[in-house]
Structure formats: C-alpha cells, structure tokens
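Listed below are the residues making up each chain.
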Amino acid sequence: MAKERKTEKTTVRVSAYDPDHHQRAGVSLDIMEDVPRVVEKEFKEDPEDFMKRHIIIFNYTEGFKKKYPNTSVEFSKAVGEIEMASQLKNWMIANNESLNFYLEESEKESADGKTIYYPIPAIDKLSDAKIKELFKKGGGALANADALAANLKTEKKDIDEERASHIRANYAPYYFATPIEPWDNVGSTIVDPNDTDFVFTDAMNGCAWAITKVDADENKFEGWHFQSASDNWAKASKFMGTKRVRDWFGPGEYYFEEEEEKGEISLAGTNIIWKRDEGQWEMLSQLNEVPIGETVLNTTFKSFEARDLNVINDLSEADLSELHEKLLNERKERLQNEEINPINKKLSSFSVDFQKFFDLFGKIKFNDDSLDKGEVGEINKISENVSQENTVNTKNIMLFNKLAGFKETIGSMKKGFFGGYDKEEVKDLKSKLKEAMSNLHHSIVNMIEGVSKTEITYEFPTEDLVSNLKEIQIYCYIFENFVDGGKITPLIDEIKKPNRVKRTIDERERNFEEEKKELFP
C-alpha cells in the first residue's frame, strides 16, 4: 500500500514500488527521504512501466479540480461545472500542439490498490494572456478572468517549485458527432517529432487512433481520434479509403465487450502515443474497468499492451487493404457476437405447439365410411382458415387441395346431407385426406426441427430459413395456434436485421476498391 513520506520541502506519496524505481534511476536509497517524488519525470523516463504500475485516466476536468481547487470552485460557481468542462476542452483544442502536462494524483487509490493520475495541462506556467483565454468565450469574459488567472498562478506554488519536469504532449480531442467527410469534425493534432514525445487524447471505449501523413511537411504526422469507430465503422472505412492511413489502432486491439454485456461496467481505454529514445513510435494502451454509476475511485486496472506504431511510411496498396479488411472483420465479429448469436440462441429453443392440429383432425373418423355433422363442420372450419391464409407459397398445398376436393364432393352428393352417401367414395376421400394430413404433420415437424438446428453465421444465407418460418406461421394460423404464430414475425424481423448490415459491409468493400484507385492510380 502507498504511504506518506516527508521531505524537507513537501509531503509526497511514495508507492511500494518507488524504491525500485528510484534505484533504477540512479538515486541512492540512503538519501531517498531528501528526494521529492516527481511523477512526471517517472512517466517520461519509462511510461510503459509507469502505466503497468499506476492508472492514468483522461479526465481533464477532474485533473483541473485537483490541480487548481480554488480556481475551479470559483470558476464553477460563475458558469457551472458543465460550462467549465466545456471551456477547458475548447481551450485545450485551441492549444493542442503546444501543451505541457502535470499528472495530478487522486486523493485515494483505486479499488485494486493502484494510484490514479489525471493528466492536466500546466496552465499556471503559461503567460497571463494565455491563461485568461480559458475564462473567455467569444471575445467576452465568462467570469472575472483577471482574478481567476491570478489565483490559478498561485495555487500549490510550494509543490510546483519541486515539479519542474512537465510532460510535453500534443492533444487530439474526442468529438461527439458522426464523422463526416472531409473529416473536419474528427479530432486531430499535427505532431512534430522534434517537438514532442507524447500525444494525449480523451478516454476511448470504442474509438480509434488513426495516423496519416501531413502533406506540407513529410517529417510530421497527424494523429486522429476517430470517434466511436465500432459504431461508425462504415465512416471509418471511408476514412481509410480517402485519407490513406498509415496506421490504425481500433477497438479490436484494446476493447473487450463481454464485461459490458452485464450492464454494470464501463471500459475506459487510456491510449497514448509515445516516441522511444531511438525514435520508434509506440501505442501505449491501458484498459480500466469503471463500475457504472460509481466514483472513478472504484476503477480497477484491466490490462496494459504496447505495440509499434507506423507514423512515417506510407502503406502499400496491399498493406492498406489488409488494414481495411481488419476493420471490416472486427465489424463482422461484432455482428456475429452481438446480433447473430442471440438469434441462434432463440432458434435453438424454437418450438411450436401443434396440439391443435391433432385436436382438429381428431374429430374426423378416418376409418369410418360415413360422415356426421362434427366431421363436416371441422372440414369446413379448416377449409375456411385455409382460404384466409396465403397458401400459394406453401409446400403442402396438396392437403388443402384434398380438403377442397372433399368439400366439393360432399356438396355434389344427391342422396341427402347426413345419410345415403356413397360409402366407398367417402372412404376413399377420407383415406386420401388422412395421407395428406400425415404428410403435412411430418413436414411441419421436420421444418420445426430444422429451424431449431439452424446456426446462422455471417456467410449463412437466411432466405430458406425465413421461408420455412413463414410457412410454419401459416400453419399456426390455419390450425388456430395464434400465440406461437404471433411470435414468429418478430423472430423473422430479427433474422433480417443482420442482412442489412451485411449489405452495407459488402457495399463498403466494393466502394473501398474504387477509393483505392484514387490513392494508387
């Protein structure tokens, strides 16, 4: 557990890991009590190690409140916390290529014992004019900018004197909007490798980092926070096909959705771009679990991964196609997991109660060569139900032809209605009707069993499945099983829904091939 240690100048928090870390940095353990802990320096020296041991959460408003408590209280009183957060973000966007950051520590550890840090721009180190911009909007002051700026510069001055090591980083913002070409509403920042080693952004839980070149300067690159790439995948596909991305770090590389299915946990990805000493850029990805509706202090560390990032070289046509295929495959996988698999679960338990079928035909005495009122009434009832349903598309029209033929024969008999029938003729009709009814029964059972054993995949054509369900539904209504019949329509609608997504994926695959022709003439 973390504990408090005092130096001569300030109180600092030292985690149980710090002795090892300082030793690696060449600091003698014997004089450690006299060395204030500078977390920004630790982070810059080895961000991979830092992100494995601590939690970083991109919540700049929380960082602002922790770093500048008095100023944030007064600012919030004047404009409200929502407007304060909006102003802070807009100010960061306006200065996104020239920011220095602190790592501000939370007052308590996370649920799993890790220290939580909030990055926050070192606003107090800027000029008065630049600070005052934070408290202005549209040329007018939202609050007393002079007083707030003066107050901000004096907060925690005793500690800041020991924290001369800031983190120089660009900032690519998240925008809450559907991405639209020419992509002006996608947050980005132009990165000069000679000026910065880090690129920060906002928390991700379905977004993606995209890297593209800067036409005006081949030494620079542009980092994009492509919003909600998991939902806006078709827009992401078009972005790839028109911007010629160099690298793409999407939700499939850092995001795990099975926890969210419970509806209890939100996953927050802290994805930071970093340049190593030798000049290789990396993606540092930390995934944390945040219980929905609870304080961020209940966050727990989930995982950390790092991989090389291509920011320099243009991709070949084959490499770009592979990157795009990966994007669409992620969407196909989501489609299978989120929409198709729940349908398969419903299909596996699909059943229909056709007891009515037996009850209706049970009144017909198939081994008897006479007719009574009950039999004639039942045949009339079934025939009337048949006439009300669209039986043209059914595979078992033979039964209904037999029913119609039976009725016509009954109507043409001249010897009285309930007596004097030609027994041989009646017996023959009943025999044919019984055979047709038996065939229909086996056909319905086989169709129901076939539906329950069907497992849909992305490539599986569903036309025959839908056709069988529609036919089963017709029989449900003919034999007056309205409950089961009514359940089939929404099931068919569910089965058709993924087909619309599949058509869009197929369309994007075709369009991407055309878009590539512009990139690779």
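Residues numbered from 1 in each chain as written. Predicted model: local features only at pLDDT ≥ 70, side-chain atom pairs only at ≥ 80, totals over all residues. Heavy atoms only, no water.

**Re the overall build of the protein chain**
Point 1. Scanning the protein chain from N- to C-terminus turns up 18 helices and 16 strands.
Point 2. Pairs at least 24 residues apart make up 70% of the contacts formed inside the protein chain by residues separated by at least 6 positions.
Point 3. A total accessible area of about 25,500 Å² is found for the protein chain, and carbon and sulfur atoms account for 48% of it. (Helix = DSSP H or I, 4+ residues; strand = E, 2+ residues; numbered from the N terminus. Contact = heavy atoms within 4.5 Å. Areas by Shrake-Rupley, 256 points an atom, 1.4 Å probe, with all protein chains shown as cover.)

**A look at the environment of L465**
Point 1. Of note, L465 is situated in helix α17 (residues 463-478).
Point 2. By relative accessible area, which is 5% here, L465 ends up buried.
Point 3. With 14 residues separating them along the chain, L465 and V451 place their C-alpha atoms 6.8 Å apart.
Point 4. Contacts of L465, omitting those with residues within four sequence positions, involve L347, V451, T454, I456 and I495. (Buried < 20%, exposed > 50% of the residue type's maximum accessible area, 1.4 Å probe, protein only.)

**Details of the sheet that holds strand β13 (residues 247-249)**
Point 1. Reading across from one edge, β9-β12-β11-β13 is the order of the four strands in this open sheet, with antiparallel pairing throughout. Edge positions in the sheet fall to β9 (187-191) and β13, since each of these pairs with one other strand and no more. Taking each pair of neighbouring strands and ignoring which way they run, the sheet shows an average axis angle of 20°.
Point 2. With five bridges joining them, β9 and strand β12 (residues 221-226) adopt antiparallel strand pairing. Residue I190 lies in a different strand from β12, and its bridge partner there is E222. (Pairing = 2+ DSSP bridges. Axes fitted to C-alpha atoms, helices over the stretch in contact; angles between N-to-C directions.)

**Remarks on the nonpolar core**
Point 1. Grouped together as the largest cluster of nonpolar side chains are 40 residues, with contacts concentrated most on F43, F64, F75, I123, F135, F200 and I272.
Point 2. I340, V466, I472 and I488 belong to the second largest nonpolar core, which has 31 residues in total. (Core = buried A, V, L, I, M, F, W, Y, C linked by side-chain atoms within 4.5 Å.)

**Some thoughts on the pattern of salt bridges**
Point 1. What the rule picks out here adds up to 37 salt bridges.
Point 2. Its salt-bridge partner being R307, residue E253 comes within 2.7 Å of it at the nearest N-O pair. Highlighted residues: E253 in helix α11 (residues 251-254) and R307 in strand β16 (residues 300-308), separated in sequence by 54 residues.
Point 3. Linked by salt bridges that have partners in common, E62, K65, K66, E81 and E107 make up one network. (Salt bridge = Lys/Arg side-chain N within 4 Å of Asp/Glu carboxyl O.)

**Comments concerning unusual backbone geometry**
Point 1. A cis amide bond, omega 20°, links E181 with the succeeding residue P182.
Point 2. Here P182 lies in the loop between β8 (167-172) and β9.
Point 3. A positive phi angle is found at W183, which is not glycine, with a value near 75°.
Point 4. Here W183 shows up in the loop between β8 and β9.
Point 5. For R244, which is not glycine, the phi dihedral falls at a positive 50°.
Point 6. Locating R244 in the fold gives a position in the loop between α10 (233-243) and β13.

**Section: the packing of helix α5 (residues 69-79) against helix α8 (residues 145-154)**
Point 1. Here α5 crosses α8 at 160°, and the two axes come no closer than 8 Å. One way to sum up the angle between α5 and α8 is to call them roughly antiparallel. Taken as a pair, α5 and α8 cross one another with a handedness that is left-handed. Contact with α5, carried on its side by N70, T71, E74 and F75, involves L148, N151 and L152 of α8 and no other residues of that element. (Parallel < 35°, antiparallel > 145°, perpendicular 65-115°, else oblique. Left-handed = near helix turned anticlockwise from the far one by under 90°.)

**Digging into the packing of aromatic side chains**
Point 1. Within the structure shown, the criterion is met by 22 aromatic pairs.
Point 2. Taking 6.1 Å as the distance between ring centres and 25° as the angle between the ring planes, the aromatic pair formed by Y477 and F482 counts as stacked.
Point 3. Among the aromatic side chains, those forming a connected cluster through ring pairs are F43, F50, F58, Y60, F101, Y117, Y171, F198 and F200.
Point 4. A cation over a ring is seen here: K114 above F301, with NZ or CZ 4.9 Å from the ring centre.
Point 5. The ring of Y458 has K502 sitting right over it, with the charged end atom 5.8 Å from the ring centre. (Phe/Tyr/Trp six-rings, centres within 6.5 Å; stacked < 30°, edge-to-face > 60°. Lys NZ or Arg CZ within 6 Å of the ring centre and 35° of its normal.)

**Focus on a positive patch on the surface**
Point 1. Together, K470, K496, K497, R500 and R503 line one region of the surface with positive charge.
Point 2. Broken down by element, the positive patch gets its largest block of residues, four residues, from helix α18 (residues 482-519).
Point 3. With respect to the helices and strands, K496 occurs in helix α18. (Patch = residues over 30% accessible without salt bridge, like charges linked within 9 Å, V, L, I, M, F, W, Y side chains within 5 Å. Lys, Arg positive; Asp, Glu negative; His and termini not counted. Charge placed at Lys NZ, Arg CZ, Asp CG, Glu CD.)

**Considering the side chain of N344**
Point 1. Within the secondary structure, N344 is located in helix α12 (residues 317-348).
Point 2. Contact partners of N344, with chain neighbours within four places excluded, come to Q336, T454, E455 and I456.

**Looking at the packing of α12 against α18**
Point 1. With their axes 10 Å apart at the nearest point, α12 and α18 run at an angle of 180° to one another. The angle between α12 and α18 places the two elements in the roughly antiparallel class.
Point 2. Residue classes in the contact of α12 with α18 are distributed as 13 nonpolar, two polar and 11 charged. (Nonpolar A, V, L, I, M, F, W, Y, C, P; charged D, E, K, R; others polar.)

**Some points on α5**
Point 1. For α5, the complete set of buried residues consists of T71, S72, F75 and V79. End-on, the buried residues of α5 take up no more than an arc of 95°, which puts them together on one face.
Point 2. G80, located one to two residues past α5, shows a positive phi value of around 95°. (Arc of directions from axis to C-beta.)

**Some thoughts on the environment of D202**
Point 1. With respect to the secondary-structure elements, D202 resides in the loop between β10 (198-201) and β11 (208-213).
Point 2. For the pair D202 and Y174, spaced 28 residues apart in sequence, the C-alpha separation works out to 5.9 Å.
Point 3. Apart from the residues lying within four places of it in its own chain, the contact partners of D202 are F58, Y60, K89, Y171, A172, P173, Y174, H225 and G269.
Point 4. At 3.5 Å, the side chain of D202 forms a polar contact with the side chain of K89.
Point 5. Among the polar contacts made by the side chain of D202, one reaches the side chain of Y171 at a distance of 2.9 Å. (Polar contact = N/O pair within 3.5 Å; in protein donor to acceptor, adjacent residues only side chain to side chain.)

**Things to note about the confidence of the model for the protein chain**
Point 1. The share of residues in the protein chain with pLDDT of 70 or more is 79%, and the mean pLDDT across the chain is 82.
Point 2. Predicted confidence for residues 1-36 stays below pLDDT 50, and this span has 56 contacts to residues more than four positions away or in other chains.
Point 3. Within the model, the stretch residues 412-418 combines pLDDT values under 50 with 11 contacts to residues more than four positions away or in other chains. (pLDDT = per-residue confidence, 0-100.)

**Points about the environment of V501**
Point 1. Its location among the elements puts V501 in helix α18.
Point 2. On the accessibility criterion, V501 (15% relative accessible area) is buried.
Point 3. Residues within four places of V501 in sequence aside, it is in contact with W233, R331, L335 and E339.

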